[in-house]
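Fold and contact review
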Amino acid sequence: MRTVVFQFPHRFEVFSFMHVGFVGLGRMGKHMVLRLKAHGFRVAAFNRSAEKVKDIEKNGVTGAYSLSELCQKLESPRVVWIMVPAGPTVDEMIERLVPHLAKGDIIVDGGNSYYKDSIRRAAQLKAQGFHYLDIGTSGGLGGERHGYCFMAGGDPKAYASVEPMLKVLAAPGGHGLFGPSGAGHFVKMVHNGIEYAMLQSYGEGFELLKHSSEFKLDLHKAAHVWNRGSVIRSWLLELAEEALQKDGHLERIGDSIGGGSTGEWTVQTGIEQKTPTPMISTALNARYATRQSESFAGKVVAALRQGFGGHEVVEKDGGSIAPTPAVGKTKKGKP
């Protein structure tokens, strides 16, 4: 255990905290480790890819090339922060970690896990004598510089043990315990659902500007002006401003949007709770639509419109199929 004094506005706080081990040195994990290192924490880090461990060692971080080695490098009681993709990978990492831990150690899942999975994992680990905290993490690549946002669920005592670390990692006031196990990832799930709708709104707005038939508008200028005092200013809009400054019409970027799991969970939870989420649902469906090279649903609609109204159908080669008389049967079964 180490004791460190942190100076905050108008007060001093003294913390005794444990060394921390990190599993996963991807885009978020690496930057979180570096932020902790910059604030004087001693961190041991493991990644399945040895190259990333070697890279983080160049920054003065203690590297570990196995989970066994990682746990050996940590003082007891241990805190191991897992930062890996949601799903079976989290279960796999926990299963591999447990043999190297002692009762009372804390496992933190800082990824985007489904909150029901977090409830299940917490119960399983509690039965074995371990603590599990689900801590949804937001802040993106800018978190290392500006601080992250943490939404936690789990045992209050376990949370208190890791709070000194959260205070260093988070933006001022950007962390909190929301309830028992699962609450942190539930709040993060809804956070991501809101993000889906916000992103879609910005995307549609800029598309309207781009395709204006009356004006030739400077999209970068619009983003720049909106970010100065308007009610829609935000960090997301700042990112749009930066992107449009580099490429005024985003011609080098494809329109296929990845992700989707947290949006799906948000919409499904809304259905389960009978809470309408029309904006989030629309944003999720719009994201799916970007992944289609062509829409079969569109083909069906085009064929039906030709059938009932004789509307023209555009062929894939750019030609057209002439309207044909409707041949559907009447209710009496006659053509």
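Check the entry above for the structure.
Structural notes, computed from the coordinates. (Residues numbered from 1 in each chain as written. Predicted model: local features only at pLDDT ≥ 70, side-chain atom pairs only at ≥ 80, totals over all residues. Heavy atoms only, no water.)

Of regular secondary structure, the protein chain possesses 13 helices and twelve strands. Relative to all contacts within the protein chain whose residues are 6 or more apart in sequence, the contacts with residues 24 or more apart total 61%. Here the protein chain displays about 19200 Å² of accessible surface, and carbon together with sulfur accounts for 56% of that area. (Helix = DSSP H or I, 4+ residues; strand = E, 2+ residues; numbered from the N terminus. Contact = heavy atoms within 4.5 Å. Areas by Shrake-Rupley, 256 points an atom, 1.4 Å probe, with all protein chains shown as cover.)

Applying the stated criterion across every chain, the model contains seven aromatic pairs. Taken together, a centroid distance of 5.3 Å and an interplanar angle of 75° make the contact between Y114 and Y115 edge-to-face. Y115 matches Y114 in its accessibility class, with the two residues each being buried. Taken together, F22, W81, Y148 and F150 form an aromatic cluster joined through their ring pairs. Note that R287 overlies the ring of Y196, its terminal NZ or CZ placed 3.8 Å from the centroid. (Phe/Tyr/Trp six-rings, centres within 6.5 Å; stacked < 30°, edge-to-face > 60°. Buried < 20%, exposed > 50% of the residue type's maximum accessible area, 1.4 Å probe, protein only. Lys NZ or Arg CZ within 6 Å of the ring centre and 35° of its normal.)

Within the open sheet, the eight strands sit side by side as β5-β4-β3-β6-β7-β8-β9-β10. Their pairing is mixed. A strand with exactly one partner marks an edge of an open sheet, and here the two such strands are β5 (62-64) and β10 (170-177). The sheet shows a mean angle of 25° between the axes of neighbouring strands, taken without regard to direction. Sheet analysis places strand β4 (residues 43-46) next to β5, joined by three bridges and oriented parallel. Within the sheet, the bridge partner assigned to A45 lies in β5 and is G63. Seen against the sheet, helix α7 (residues 156-169) touches β3 (20-23), β6 (79-82), β7 (106-109), β8 (131-138), β9 (148-153) and β10 and runs at an angle of roughly 165° to β10. (Pairing = 2+ DSSP bridges. Axes fitted to C-alpha atoms, helices over the stretch in contact; angles between N-to-C directions.)

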